Amino acid sequence: MRDCFGDAALSTGVKYPKSAYWYLQLLLGQKFDSPLVTKYRQWFPYYDMRKDEERGTILFQHDSETAYSPEELVAMILNYTRIIAQDYAEQPIRDCVITVPVFYTQAQRRAMLYAANLVGLNVLQLMTDAAATALNYGLFRQASFNATPQYIMFYDVGALSTTASIIEYRKAQVKEGSVANTYPQLSVKGVGYDHLLGGLEIDIRLRDHLARSFEGMKKTQGSVFESPRAMGKLLKEAKRVKRVLSANTDFYAQVEGLLEDVDFKLKVTREELEAMCSDLYDRVQEPVRQALEAADMTMVEMDSVILMGGGTRVPRFQEALLKAVNKPDLGRSLNTDEAAALGAVYQAAGQTKLFRVKKFIVKDANVLPIVVSFEKRVSGEGEEGEEEEEEVVKVVKKTLFQRSNAYPQKKVLTFNRYSKDFPFSVYYSHLGFLSDDEKTYVGRLNLSEVYLAGVGDALSTHSGAEAKGIKAHFRMDESGLLLLDYVESLFEYPPDEEEQSTFAKIGSTLSNLFGGGSSETETTEEPSSAATEEGEGEKGEEGEGEKAGTETEGEGEGVSEKEEEAGEGDQEEKVEEDDEGAVEEEDLHSDEGAKEEEEAVPVEEEEGEVPAGEETPESAAAAGNSEETETRDETPPTEETTPPTTDEGEEGDEKEAENDSETTPEPEGSQANDTASDAESTKKSKKKERRRFQPAGR
């Protein structure tokens, strides 16, 4: 039997149900004991599914000699779609943008990339269904966008899941060199979802209803539930009956030769179907509630609600959604079958050099909070205040990427007061906004275990310098993948009088002659903002000498990004003043940034499909146990047309960035004055040295 896809596979699957594979995206990146795998086996009991002993995932035993993993089957489908596109375009195709559900974990995203790599596809970006649909919707409405944000909710009822997404549309200014251009921009503000609320659940319930009705007729000796071919026929008929009942009140389901050459015919009414799925309609409003909570908004602020997905054609779904959103009507202008694909096509065209399309900025949002934890050792005290020999170990937790944080984005984590090698963990946390069932669908929470080696060696090498901590550079790229680019240690050497330039000395002398100032050069450092840390999940442990600074480079707005709510208790990180070293800014679009991205070490999830490669650790230096978090957007900085306000704290951050930036040599023939000489002498008063190394991660 040759391989077939689409409608041909649907027809063949009725005769050979064990050889036809459905809804494989649900199984990507899942362990064999995952609740989603258990649910899949309940839907399709005739599959011979076995455990992959090497990876712990699942395998479909196709025949006695062949077994397929979900990634291999998805790769076949991707290759088939490429063949269709190549026949239409009449040229070879290698680059692509693939859409994935908004709730895909790190392991599931990497499994999709692995599947594409199996057939030689170069994935430019993994784009969520919500962002792709919103892009397609906004392309034809750019004229209505301005500096005032517009909020649209997209409600997508697909075959497997239901998603509610809140999208913000506005015009934003992007600085490109010395020119500021205005482009439309969409931002995902909040997402809510239900993993198993979709059209397939209705199909399965209707299929089982038809099977029970046939069993009640007592016309066969065998059981229809034990015949994979008969159950395949009933599933196909259930899908047809569901579509017809969306526009009619009753319909006859009929299958010729269902089992033992016995025909089957049964009248099904819309009321009966709605009664079978009454509990499903009660779950319609939950994704809406989650999305509003994530965006910190209300339905009053929504301009409209747009329907997406084939499941929205069910009348009862629309009635339940109207009640949940409290709107007079629902938008039905999108082509539910093509909207996400068309949005992904436009995004792919914008990332290649073969096409010239109008720029449309897309900012997606992280759904599951990601936390970094490490140990902090604190010396105990005796009764009289004397230190004891024993040390108390406390676990400090810091939220790296909060719920609804925009990406692509970079964050820098600084560890201080460490003098020995140490590990830290990266994992999902603060999942209190999910139901108990949804928490189990996330799978294993641990993302990676990172061990930093060579800390003591680096400290001994730079014993004459002041250690400024170890900086771990994390990045969430356009595909929503978390990467640990590199880890570096910073040392600051004392100022050297001989290294001061002649112009600096002349300027200092002139300043003393005409200004009456001291001959000594004073250096000042602006304090950096710091966020209190979370220890053992308790507020009482925050701020015990270890703090993390958070600075966000927004879309050119010149103000710090609003702190997102994090944690099961919806706690906000408070910004405090810290005298520790300033956070350095980096140009994410420079050539140096591109080289760093090539050296990126992926932070892999233990349940991921692609095994994480271990890097050879090099030396690092550290001083301390606190952490400092810096965020930067990967997208070009943008500005709203309305000038934003800047408070004193933000001005301090800008000044601090200027102090840390490298000095540009003064051109020959320039005249030294008091201001220039003072600035040059201040910048050259201290010398910094960096020591970069790669961590060993598991």
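As annotated in an unreviewed UniProt entry, the protein carries the name Hypoxia up-regulated protein 1 and is attributed to Geodia barretti. UniProt's Sequence similarities (unreviewed entry) comment on the protein is quoted here verbatim: "Belongs to the heat shock protein 70 family." Within the UniProt record for the protein, the comment given under Subcellular location (unreviewed entry) is "Endoplasmic reticulum lumen".

A. Examining the overall build of the protein more closely. Within the protein, the regular secondary structure consists of 18 helices and 30 strands. Relative to its 698 residues, the protein shows a buried fraction of 50%. For the protein, long-range pairs separated by at least 24 residues make up 75% of all intrachain contacts whose partners lie at least 6 apart in sequence. Total accessible area on the protein stands at roughly 34200 Å², and carbon and sulfur atoms take up 46% of it.

B. Fine view of a negative patch on the surface. A cluster of acidic side chains, namely Glu256, Glu260, Asp261 and Asp263, defines a negative patch on the protein surface. Mapped onto the elements, Glu256 comes out in strand β9 (residues 250–259).

C. Region of interest: the nonpolar core. Formed by 102 residues in total, the largest nonpolar core has its most connected members in Tyr40, Phe44, Phe60, Tyr169, Phe424 and Phe474. In terms of residue count, helix α5 (residues 129–139) provides more of this core than any other element does, seven residues in total. With residues near it in sequence (within four places) discarded, Phe44 still touches Trp22, Tyr23, Leu200 and Leu235. Leu266, Met276, Tyr281 and Leu321 belong to the second largest nonpolar core, which has 48 residues in total.

D. Looking closely at the sheet that holds strand β2 (residues 58–61). In space, the three strands of this open sheet follow the order β1-β2-β3, with antiparallel pairing throughout. The open sheet terminates on both sides in strands that have one partner only, identified here as β1 (49–51) and β3 (67–68). Two elements, β2 and β3, share two bridges in a ladder whose sense is antiparallel. Looking across to β3, one finds that Gln61 is bridged to Ala67.

E. Representation of helix α10 (residues 285–295). Buried within α10 we find Pro287, Val288, Gln290, Ala291, Leu292, Ala294 and Ala295. Taken together, the buried residues of α10 touch β6 (150–157), β7 (162–176), β8 (179–194) and α11 (315–325). With its phi angle positive at about 55 degrees, Asp296 sits one or two positions after the end of α10.

F. Highlighting α11. Burial in α11 covers these residues: Pro315, Phe317, Gln318, Ala320, Leu321 and Val325. As for α11, its buried residues are in contact with β6, α6 (199–216), α8 (270–276), α9 (278–281), α10 and β11 (304–308). With its phi angle positive at about 55 degrees, Asn326 sits one or two positions after the end of α11.

G. Examining the packing of aromatic side chains more closely. Under the counting rule described, the total for this entry stands at 23 aromatic pairs. Clustering of aromatic rings is evident, with ring pairs tying together Tyr21, Trp22, Tyr23, Tyr40, Phe44, Tyr46, Tyr47 and Phe60. Positioned above the aromatic ring of Tyr137, the side-chain terminus of Arg141 is 3.8 Å from the ring centre. Directly above the aromatic system of Tyr183 lies the positively charged group of Lys359, at a separation of 5.2 Å from the ring centroid.

H. Examining the pattern of salt bridges more closely. For the structure on display, the rule yields 20 salt bridges. For Arg170, the salt bridge identified is with Glu168, shortest N-O distance 3.6 Å. Comparing Arg170 with Glu168 shows no difference in burial state: the two are buried. Linking Glu466 and Lys468 is a salt bridge whose minimum nitrogen-to-oxygen distance equals 3.4 Å. Look at the salt bridges and you will find they share partners, linking Glu286, Arg289, Glu293 and Arg403 into a network.

I. The pairing of strand β16 (residues 409–415), seen in detail. Of all seven residues that make up β16, seven are buried, and the element is covered over most of its length. Of the two faces of β16, the one carrying Gln409, Lys411, Leu413 and Phe415 and the one carrying Lys410, Val412 and Thr414 are both buried. Here β16 runs beside strand β19 (residues 466–476); their pairing, made up of seven bridges, is antiparallel. Looking at the pairing, Gln409 lines up with Met476 of β19.

J. Summary view of the side chain of Thr162. You can see Thr162 is positioned in strand β7. Among all residues touching Thr162, those that are not within four sequence positions of it are Tyr155, Asp156, Val157, Gly192, Tyr193, Asp194, Leu197, Gly198 and Pro287.

K. Representation of the packing of α6 against helix α7 (residues 228–245) in the model. Packing of α6 against α7 brings their axes to within 8 Å, and their N-to-C directions diverge by 120 degrees. The orientation of α6 with respect to α7, classified from their angle, is oblique. Considering the relative orientation of α6 and α7, their crossing is right-handed. Contacts between α6 and α7 involve Gly199, Leu200, Ile202, Asp203, Ile204, Leu206, Arg207, Asp208, Leu210 and Ala211 on the former and, on the latter, Met231, Leu234, Leu235, Ala238, Lys239, Val241 and Lys242. Class assignment of the residues belonging to the contact of α6 with α7 gives a composition of eleven nonpolar, one polar and five charged.

L. Broad picture of unusual backbone geometry. The amide bond that connects Tyr407 to the next residue, Pro408, takes the cis arrangement and shows omega of 10 degrees. Relative to the helices and strands, Pro408 resides in the loop between β15 (406–407) and β16. One non-glycine residue, Glu90, lies in positive phi territory at about 60 degrees. Assignment of secondary structure puts Glu90 in the loop between α3 (70–89) and β4 (95–100). A residue is classified by how much of its surface remains accessible, and Glu90, at 72% relative accessible area, is exposed. Here Asp296, not a glycine, exhibits a phi torsion of approximately 55 degrees, which is positive. Along the chain, Asp296 falls in the loop between α10 and β11.

M. Representation of the confidence of the model for the protein within the structure. Looking at the protein, the pLDDT average stands at 76 and 69% of residues meet or exceed 70. Averaged pLDDT values over the elements of the protein bottom out at 34 in strand β25 (residues 575–578) and peak at 96 in helix α4 (residues 106–118). Between residues 517–601, whose pLDDT stays under 50, and residues either more than four places distant or in other chains, the model counts 234 contacts. Note on residues 604–685: pLDDT is under 50 here. Beyond four places in sequence and across chains, it has 268 contacts.

N. Spotlight on the environment of Thr99. Along the chain, Thr99 turns up in strand β4. Here the alpha-carbon distance between Thr99 and Thr133, two residues 34 residues apart in the chain, equals 9.8 Å. Setting aside residues no more than four positions away along its own chain, Thr99 makes contact with Met127, Asp129, Ala132, Ala340 and Ala344.

Calculation notes
Residues numbered from 1 in each chain as written. Predicted model: local features only at pLDDT ≥ 70, side-chain atom pairs only at ≥ 80, totals over all residues. Heavy atoms only, no water. UniProt positions renumbered as here; feature names shortened; annotations may be inferred. Helix = DSSP H or I, 4+ residues; strand = E, 2+ residues; numbered from the N terminus. Buried < 20%, exposed > 50% of the residue type's maximum accessible area, 1.4 Å probe, protein only. Contact = heavy atoms within 4.5 Å. Areas by Shrake-Rupley, 256 points an atom, 1.4 Å probe, with all protein chains shown as cover. Patch = residues over 30% accessible without salt bridge, like charges linked within 9 Å, V, L, I, M, F, W, Y side chains within 5 Å. Salt bridge = Lys/Arg side-chain N within 4 Å of Asp/Glu carboxyl O. Lys, Arg positive; Asp, Glu negative; His and termini not counted. Charge placed at Lys NZ, Arg CZ, Asp CG, Glu CD. Core = buried A, V, L, I, M, F, W, Y, C linked by side-chain atoms within 4.5 Å. Pairing = 2+ DSSP bridges. Phe/Tyr/Trp six-rings, centres within 6.5 Å; stacked < 30°, edge-to-face > 60°. Lys NZ or Arg CZ within 6 Å of the ring centre and 35° of its normal. Axes fitted to C-alpha atoms, helices over the stretch in contact; angles between N-to-C directions. Parallel < 35°, antiparallel > 145°, perpendicular 65-115°, else oblique. Left-handed = near helix turned anticlockwise from the far one by under 90°. Nonpolar A, V, L, I, M, F, W, Y, C, P; charged D, E, K, R; others polar. pLDDT = per-residue confidence, 0-100.

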